Amino acid sequence: MTTAAADPGLAREVDDILARGADGQRLSEQEAVLLLELAPFMALGRAADAVRRRRYPEGFATFLIDRNINYTNVCVTSCKFCAFYRPPRHEEGWTHDFDEIDRRVDEAATLGATQIMFQGGHNPTLGISWYEELFSHTKARHPEMALHSLGSSEIMHISSVSAIDVAEVIARLRDAGLDSLAGAGAEMLVERVRGIIAPLKESGQTWLDVMETAHGLGVESTATMMMGTVETLAERVEHMRMVRDLQDRTGGFRAFIHWSYQAEHNTLKGQSPSSFDYLRALAVARLFLDNVAHIQSSWLTTGKEVGQLGLHFGADDMGSVMLEENVVSSAGAKHRSNTAEIVELIRAADRVPAQRNTRYELLRTFEDRPWDGPVALTKGMARPDDAVSAADRSLPVVQVR
């Protein structure tokens, strides 16, 4: 990577941008691109960490226990980066029945999960009634479980299949039990890139429009970005700018999560981005997205050690102890963890481990001492100490379909 060391004027400019960003001042797109291109690696991390420390002086690094239930792999979108989907009528296509979904939700509840993320392909046989029944059925069975599910792309698909507008889809799903929307389907919002990697998906602007409608209906969400396919550094920042602009209008994004493209078993091929590339983008996201409260370090696609390093590059959250995930795993993500390991990774990063819920409310914190179960509980627990401790010690990470 080119450095600014040979140009004193450029080096001073980069230092000034880092200082203003660390101080919480809003950065322009051009300034963010300059940081991605030229900022010294450690100085960039320190600036992002300064923002994190000012926002969260208590030193917590949070995580969630959830299960990502991919209810169908049948999809008509044919994204080039996806190794999970199968086209309609393919012999390897499947859609889970409610008995199977119940089994997975029940198991997640037993293992201490507080969130279910339903995500799946764009299956042309599944309309609004199926999703309403899925959410209302699951909420009746587990009213305590947050349903942080679907994304703009799935909402658009349901709208098309059911011939109803997006606002009605969201309102009906909200009334059936949907608590918040996932940032799924964003990938890269910039049209040049989107046209290459997912030409059959809705446009980036439509993705944002769906999120804006959801926020207006009281359904908050997260925002995501997949990095490392064919985009330029400027296009990464443009994606973040599109998220920031919408956040200025609605305030509905709870968190930003960027993840690394996984290059195996799909038609796009190429190479996954490096750990340094990922961490640089993470730090710039924390500096640039001044109106987004939480930045997540995505260990699932980068590995636990890089996820841990992300806590020093602006991230305040380690994502989830994911009891199940199939989509990025199909494309080559092989990383797994459990509660005890996530706690130790956070502790080793000199942060205070804390379990949160979907709304980023703390459920419990962990003392800085050898692992022997949860302590210093804050908000209400769903189970007694001994049950939580026993589950956490042996919490499995299952990889099933």
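Residues numbered from 1 in each chain as written. Predicted model: local features only at pLDDT ≥ 70, side-chain atom pairs only at ≥ 80, totals over all residues. Heavy atoms only, no water.

### With respect to the pattern of salt bridges
Counted by the stated rule, this structure contains 29 salt bridges. Note that Glu-220 is salt-bridged to Arg-254, the shortest N-O span being 2.7 Å. Residue Glu-220 is located in the loop between helix H9 (204–216) and strand E5 (221–227), and its partner Arg-254 is located in strand E6 (residues 253–260); the two are separated by 34 residues in the primary sequence. Judged by relative accessible area, which is 33%, Glu-220 ranks as partly exposed. Given a relative accessible area of 15%, Arg-254 falls into the buried group. Linking Lys-304 and Glu-341 is a salt bridge whose minimum nitrogen-to-oxygen distance equals 3.1 Å. Remark: Glu-341 occurs in helix H15 (residues 339–348) and Lys-304 occurs in helix H13 (residues 304–309); sequence separation between them is 37 residues. Salt bridges sharing partners connect three or more residues here, namely Glu-29, Glu-238, Arg-241 and Asp-245. (Salt bridge = Lys/Arg side-chain N within 4 Å of Asp/Glu carboxyl O. Helix = DSSP H or I, 4+ residues; strand = E, 2+ residues; numbered from the N terminus. Buried < 20%, exposed > 50% of the residue type's maximum accessible area, 1.4 Å probe, protein only.)

### What to know about the confidence of the model for the protein
Of the residues in the protein, 83% have a pLDDT of 70 or more, and the chain-wide mean is 86. Taken together, the stretch residues 369–401 has pLDDT below 50 and engages in 76 contacts with residues farther than four places along the chain or on a different chain. (pLDDT = per-residue confidence, 0-100. Contact = heavy atoms within 4.5 Å.)

### Focus: the packing of helix H7 (residues 166–176) against H9
Running from amino to carboxyl end, H7 crosses H9 at an angle of 50 degrees, the nearest separation of the two axes being 10 Å. In terms of orientation, H7 and H9 fall into the oblique class. You can see that H7 and H9 cross each other, and the crossing is right-handed. Across the interface between the two elements, Val-166, Ala-167 and Ile-170 of H7 pack against Val-210, Thr-213 and Ala-214 of H9. (Axes fitted to C-alpha atoms, helices over the stretch in contact; angles between N-to-C directions. Parallel < 35°, antiparallel > 145°, perpendicular 65-115°, else oblique. Left-handed = near helix turned anticlockwise from the far one by under 90°.)

### Topic: the environment of Arg-359
Counting through the fold element by element, Arg-359 comes out in the loop between strand E9 (352–356) and strand E10 (362–365). Each C-alpha atom, one on Arg-359 and one on Glu-220, is 9.3 Å from the other, the two residues being 139 residues apart in sequence. A polar atom in the side chain of Arg-359 sits 3.1 Å from the side chain of Glu-361. (Polar contact = N/O pair within 3.5 Å; in protein donor to acceptor, adjacent residues only side chain to side chain.)

### Some remarks on the environment of Asp-165
Assignment of secondary structure puts Asp-165 in the loop between helix H6 (152–162) and H7. Among the residues examined, Asp-165 registers a relative accessible area of 49% and is labelled partly exposed. For the pair Asp-165 and Ile-155, spaced ten residues apart in sequence, the C-alpha separation works out to 9.6 Å. Within polar-contact distance, the side chain of Asp-165 engages the backbone nitrogen of Glu-168 at 2.8 Å.

### Here we look at the nonpolar core
One finds Leu-35, Phe-118, Phe-135 and Leu-173 to be the most contacted residues of the largest nonpolar core, which totals 105 residues. In terms of residue count, helix H11 (residues 275–288) provides more of this core than any other element does, nine residues in total. (Core = buried A, V, L, I, M, F, W, Y, C linked by side-chain atoms within 4.5 Å.)

### With respect to the side chain of Gln-119
By secondary structure assignment, the location of Gln-119 is in strand E2 (residues 115–119). In contact with Gln-119, not counting residues within four places along its chain, are Asn-68, Ile-69, Asn-70, Tyr-71, Leu-150, Glu-154, Ala-182 and Ala-184.

### Let's talk about unusual backbone geometry
With a phi angle near 55 degrees, Ala-163 is a residue other than glycine that sits in the positive phi range. Of note, Ala-163 is situated in the loop between H6 and H7. By relative accessible area, Ala-163 is classed as exposed at 71%. Although it is not a glycine, Tyr-360 adopts a positive phi angle of roughly 65 degrees. Examined against the element boundaries, Tyr-360 turns out to sit in the loop between E9 and E10. Judged by relative accessible area, which is 15%, Tyr-360 ranks as buried.

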